[in-house]
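# Observations on the model geometry
Here's the letter readout for the chains.
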Amino acid sequence: MSVETQVRSQAEALPVGTPRLHIIIFAVLLVLLLIAPFVLYPVFLMKVLCFALFASALNLLLGFGGLLSFGHAAFFGSASYITAYAAKDWGLSPELAILLGTAAAAALGLGIGALAIRRQGIYFAMVTLAFAQMVFFFAVQAPFTGGEDGIQAVPRGHMFGFIDLSSDLTLYFVVLVIVFGGLLGIYRIIHSPFGQVLKAIRDNEPRLISLGYKVQRYKLAVFVMSATLAGLAGATKALVFQLASLTDVYWTMSGEVVLMTLLGGMGTVFGPLVGAAALVTMENYFAGLGAWVTVLQGVIFVISVLLFREGIVGVIARLTKKSL
Amino acid sequence: MIEAFEPNPDTKGDIILSARDLTKRFAGFVAVNGVNLDIERGSIHALIGPNGAGKTTCFNLLTKFLQPSSGTIHFNGRNITDLPSADIARLGVVRSFQISAVFPRMSVAENVRIALQRRRGDSFDFWRAQRVLSDFDDEALRRVDEVGLSEFSHVMAGDLSYGRKRALEIATTLALEPEMMLLDEPMAGMAQEDVTRISALIRTISANRTILMVEHNLSVVADLSDRITVLARGEVLAEGSYDEVSKHPGVVEAYIGASHE
């Protein structure tokens with residue numbers, strides 16, 4: 001082996017630093033998102049961004065930790081409710097309301113996660129679903145959630161006291177900063193020493209235990225991180241739509257975000273973004289079809305499972321032999 | 001934490017791992033029944049027996065992947081019966097698995113590095129770039145080279161051939177520099193060429209450590225192991241050198257009687 005090829009295969013074996021391709025994709029994405037609100041409807045774009053963050057948060061848990069949560073709506077929805085309530089009834093500023101909603105999701109994630117990680121596989125998924133249903137019934141029954149109506153007409157307020165968020169365009173850039181920051185944060189988590197341990201848990205948990213890793217702690221940590229980021233997405237969404245409703249916390253929301261992740265490509269960095277954009281676009285532009293949108297989603301899900309199980313980005317990554 | 005411990009007076013030499021009256025009952029079935037084991041430091045000790053003899057269960061008990069119903073386990077004189085698996089690994093008893101235990105979607109070098117990463121202690125630092133792990137890169141590549149996999153260091157472990165996966169598994173285990181290695185059928189299902197290669201590898205790595213290996217096949221362990229314990233129906237049938245156990249009437253019956261292997 002020549003020195004040059006040796007160096008190259010060594011770099012492939014143990015990559016150091018961020019691949020240039022990823023930096024380029026992030027940069028292009030940012031440029032496109034900066035131009036987008038002048039071409040497309042900002043509220044639609046903000047919805048895509050919130051769901052992109054939500055799906056990426058789930059992907060952190062599912063695609064990198066190997067844990068399928070079927071109850072992520074609990075974190076998304078509860079953060080949405082708490083942000084809406086704090087902004088409307090307590091008159092909190094938007095940044096504090098978002099922070100409070102996100103913190104609540106983190107706390108909820110700690111509680112649910114600590115119990116759920118005691119089970120594996122399908123049982124783990126069932127436990128998370130059961131807890132999410134409990135959160136849903138709480139949202140239906142509790143006096144301050146507005147029952148079927150939800151919390152409506154949430155004021156967007158002034159961020160840091162001087163950024164007026166009532167304009168969709170201004171809010172869009174705030175949401176872009178939050179979501180892009182969240183995505184970069186997830187990227188860092190995946191590519192940290194902690195992320196290496198996560199991938200090893202996903203790949204072979206008993207083997208990692210046999211190497212002396214206390215995997216339960218890592219699983220709980222990633223569960224809380226994922227719940228927190230899902231909460232951040234839900235909290236932001238509450239300000240965008242000025243609404244927190246039962247839809248946010250219903251089990252179909254948990255299912256939808258799993259679908260976004262699978263469709264885009266679980267375990268890929270950019271898959272959840274593609275999946276979220278595809279599904280939100282479909283919902284928006286085929287809204288006229290009514291209940292048929294759900295059928296369409298079902299068909300797409302079946303097709304993606306049958307034909308390209310790795311998801312859209314997963315397939316592209318395989319064909320181009322690049323890690324995406 | 002170190003308790004007084006009486007080694008078995010029948011065995012000479014320094015005992016590194018010892019099990020007393022090890023028993024595992026599953027519902028209505030005793031998989032391991034009152035097994036006593038003494039593993040001498042620095043030896044290659046083989047645990048053999050026909051299918052269903054309780055070899056792998058025994059292994060799982062020793063590394064606490066299963067909780068014994070009764071009995072005690074001591075490592076270096078310390079009672080480890082109630083420790084969780086990860087702690088036993090941290091003490092220096094590292095096991096392999098019957099089905100090859102690699103991390104399939106990580107590169108060969110990354111597989112080894114994840115073991116080396118244990119030296120940092122816990123890795124909860126999710127905010128740091130994995131560049132901090134590059135301190136381990138040279139050693140990871142060297143250990144990959146040691147087991148003859150250097151040209152595959154960038155390959156995803158899942159894409160390796162069966163024999164190479166076993167070699168990678170050994171490299172990963174070795175990276176922890178365990179005082180004791182427990183290998184569960186390291187040669188199972190291998191082509192003869194691989195068996196020879198892995199046998200040589202096991203001999204090399206046994207230089208300054210203790211190895212306990214489970215094998216199904218008597219001939220494989222014949223010239224590799226210093227001492228052999230034969231299990232049958234969850235109990236110790238015979239123990240001694242290969243010459244001793246191979247002439248033992250009970251062993252002949254268990255092997256020839258049950259199957260012609």
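Conventions used here
Residues numbered from 1 in each chain as written. Chains lettered and ligands numbered in written order. Predicted model: local features only at pLDDT ≥ 70, side-chain atom pairs only at ≥ 80, totals over all residues. Heavy atoms only, no water. Helix = DSSP H or I, 4+ residues; strand = E, 2+ residues; numbered from the N terminus. Polar contact = N/O pair within 3.5 Å; in protein donor to acceptor, adjacent residues only side chain to side chain. Contact = heavy atoms within 4.5 Å. Buried area = accessible area lost by both parts, 1.4 Å probe. Salt bridge = Lys/Arg side-chain N within 4 Å of Asp/Glu carboxyl O. Core = buried A, V, L, I, M, F, W, Y, C linked by side-chain atoms within 4.5 Å. Buried < 20%, exposed > 50% of the residue type's maximum accessible area, 1.4 Å probe, protein only. Pairing = 2+ DSSP bridges. Domains from an automatic or database assignment. Phe/Tyr/Trp six-rings, centres within 6.5 Å; stacked < 30°, edge-to-face > 60°. Lys NZ or Arg CZ within 6 Å of the ring centre and 35° of its normal. Axes fitted to C-alpha atoms, helices over the stretch in contact; angles between N-to-C directions. UniProt positions renumbered as here; feature names shortened; annotations may be inferred.

## Re the environment of B:Asp38
Residues and elements named next belong to chain B. Structurally, Asp 38 is set in strand S2 (residues 29-40). Separated by 18 residues in the primary sequence, Asp 38 and Arg 20 place their C-alpha atoms 8.7 Å from one another. At 3.4 Å, the side chain of Asp 38 forms a polar contact with the side chain of Ser 18. Side-chain polar atoms of Asp 38 contact the side chain of Arg 20, separated by 2.9 Å.

## Thoughts on the interface of chain B and chain A
Across the boundary between the two partners, chain B contributes 48 residues, which contact 35 residues of chain A. Approximately 3,700 Å² of surface area, both sides summed, lies buried where chain B meets chain A, with 61% of it carried by carbon and sulfur atoms. For the chain B face of the interface with chain A, the top three residues by lost area are B:Phe103, B:Phe126 and B:Gln130, together amounting to 18%. Taken together, the links from chain B to chain A amount to 2 salt bridges.

## Some points on the nonpolar core
Of all hydrophobic cores here, the largest spans 156 residues; its most connected members are A:Leu60, A:Leu208, B:Ile114, B:Met187, B:Ile202 and B:Met213. In terms of residue count, the dominant contributor to this core is helix H3 (residues 42-64) of chain A (18 residues). Aside from chain neighbours lying at most four places away, what touches A:Leu208 is A:Val197, A:Ala200, A:Ile201, A:Tyr213, A:Val215, B:Phe103 and B:Ile114. The next biggest cluster of nonpolar side chains, apart from the first, holds 25 residues, and it includes B:Ala53, B:Cys58, B:Ile80 and B:Ile88.

## A short note on the pairing of strand S4 (residues 70-75) of chain B
Residues and elements named next belong to chain B. Where strand S1 (residues 15-26) meets S4, 5 bridges bridge the pair, whose relative direction is antiparallel. For Ala 19, the partnering residue across the bridge sits in S4 and is Ile 73. Pairing between S4 and strand S5 (residues 78-79): 2 bridges, direction antiparallel. Within the sheet, the bridge partner assigned to His 74 lies in S5 and is Asn 79. Once S4 ends, the chain turns through 2 residues before running back antiparallel as S5, passing Asn 76 with a positive phi of about 50°.

## Section: the domain arrangement of chain B
Domain parsing of chain B yields domain 1 (15-101 + 182-258) and domain 2 (103-159). Each of domain 1 of chain B and domain 2 of chain B has a C-alpha centre, and these two points are 28 Å apart.

## Comments concerning the packing of aromatic side chains
Within the structure shown, the criterion is met by 24 aromatic pairs over all chains. Measuring from centroid to centroid gives 5.4 Å for A:Phe136 and A:Phe137, while their planes differ by 70°, and the two rings are edge-to-face. Classification of A:Phe136 by relative accessible area gives buried; the value is 12%. Geometrically, the ring pair formed by A:Phe138 and A:Phe144 is edge-to-face, given 6.2 Å between the ring centres and 65° between the ring planes. An aromatic cluster is built from A:Phe194, A:Tyr213, A:Tyr218, B:Phe124, B:Phe126 and B:Trp127, whose rings are joined through pairwise contacts. A cation over an aromatic ring shows up here: B:Arg95 above the ring of B:Phe65, its NZ or CZ 4.9 Å from the ring centre. One Lys or Arg, B:Arg118, reaches over the ring of A:Tyr213 and ends 5.8 Å from the middle of that ring.

## Concerning the sheet that holds strand S9 (residues 227-232) of chain B
Residues and elements named next belong to chain B. The sheet built from 6 strands is open, its strands ordered S6-S7-S8-S3-S9-S10 with mixed pairing. The strands lining the two open edges of the sheet, one partner per strand, are strand S6 (93-95) and strand S10 (235-240). Within the sheet, the average angular offset between the axes of one strand and its neighbour, ignoring direction, is 15°. In this sheet, strand S7 (residues 180-184) lies alongside S6 in parallel orientation, the contact comprising 3 bridges. Bridge pairing in S7 places Arg 95 opposite Leu 182. Strand contacts of helix H5 (residues 162-175): S6 and S7, with the helix running at about 160° to S7, the strand carrying the most contacts. Taken strand by strand, helix H6 (residues 192-205) contacts strand S3 (44-48), S7 and strand S8 (210-215), and its axis lies near 155° from that of S8.

## Concerning the pattern of salt bridges
On inspection of all chains with the given rule, the structure shows 22 salt bridges over all chains. The salt bridge partner of A:Asp203 is B:Arg105, with a shortest N-O separation of 3.8 Å. Linking A:Asp203 in helix H8 (residues 193-203) with B:Arg105 in the loop between S6 and helix H3 (108-116), this pair reaches from one chain into another. Owing to a relative accessible area of 14%, A:Asp203 belongs among the buried residues under this scheme. Linked by salt bridges that have partners in common, B:Arg119, B:Glu139, B:Arg143, B:Glu146 and B:Glu177 make up one network.

## Observations regarding helix H4 (residues 137-146) of chain B
Helical periodicity: at 3.6 residues per turn, an α-helix aligns residues three or four positions apart in one direction. Within H4(B) the residues assigned to the buried category are B:Asp137, B:Glu139, B:Ala140, B:Leu141, B:Arg143 and B:Val144. Within two residues after H4(B), B:Gly148 carries a phi angle of roughly 75°, on the positive side.

## Observations concerning the side chain of A:Ser80
Residue and element names in this part refer to chain A. Summarising the element assignment, Ser 80 is placed in helix H4 (residues 73-88). Ser 80 gets classed as buried once you look at its relative accessible area, which sits at 0%. Beyond its immediate stretch of four places on either side in the chain, Ser 80 contacts Gly 234, Ala 235, Lys 237, Ala 238, Leu 243, Ala 244 and Asp 248.

## So, the UniProt feature "transmembrane region" (unreviewed entry) in chain A
Residues and elements named next belong to chain A. Per the UniProt record, "transmembrane region" (unreviewed entry) is annotated on residues 20-41, 48-76, 96-115, 122-140, 169-190, 220-245, 257-279 and 286-308. The straight-line gap between the two end C-alpha atoms of residues 220-245 is 28 Å; of that span, 85% is helix and 0% is strand. As annotated, residues 257-279 comprises 74% helix and 0% strand, and the C-alpha atoms at either end are separated by 9 Å.

## Quick look at the environment of A:Ala13
The topology assignment puts A:Ala13 in helix H1 (residues 3-13). The spatial distance from the C-alpha of A:Ala13 to the C-alpha of A:Met260 is 31 Å, given a sequence separation of 247 residues. Sequence-distant contacts of A:Ala13, that is, excluding residues within four places in its chain, are made with B:Ser107, B:Ala109, B:Glu110, B:Ser153 and B:His154.

## Digging into the pairing of S3(B)
All names here are of chain B. Here S3 lies mainly inside the structure; 5 of its 5 residues are buried. A two-sided burial pattern is seen for S3, the buried positions comprising Ile 44, Ala 46 and Ile 48 on one face and His 45 and Leu 47 on the other. Examined bridge by bridge, S3 and S8 share 5 bridges and lie parallel to one another. Across the sheet, residue Ile 44 finds its bridge partner in S8, namely Ile 211. Across 4 bridges, the pairing between S3 and S9 is parallel. By the bridge assignment, His 45 is partnered in S9 with Arg 227.

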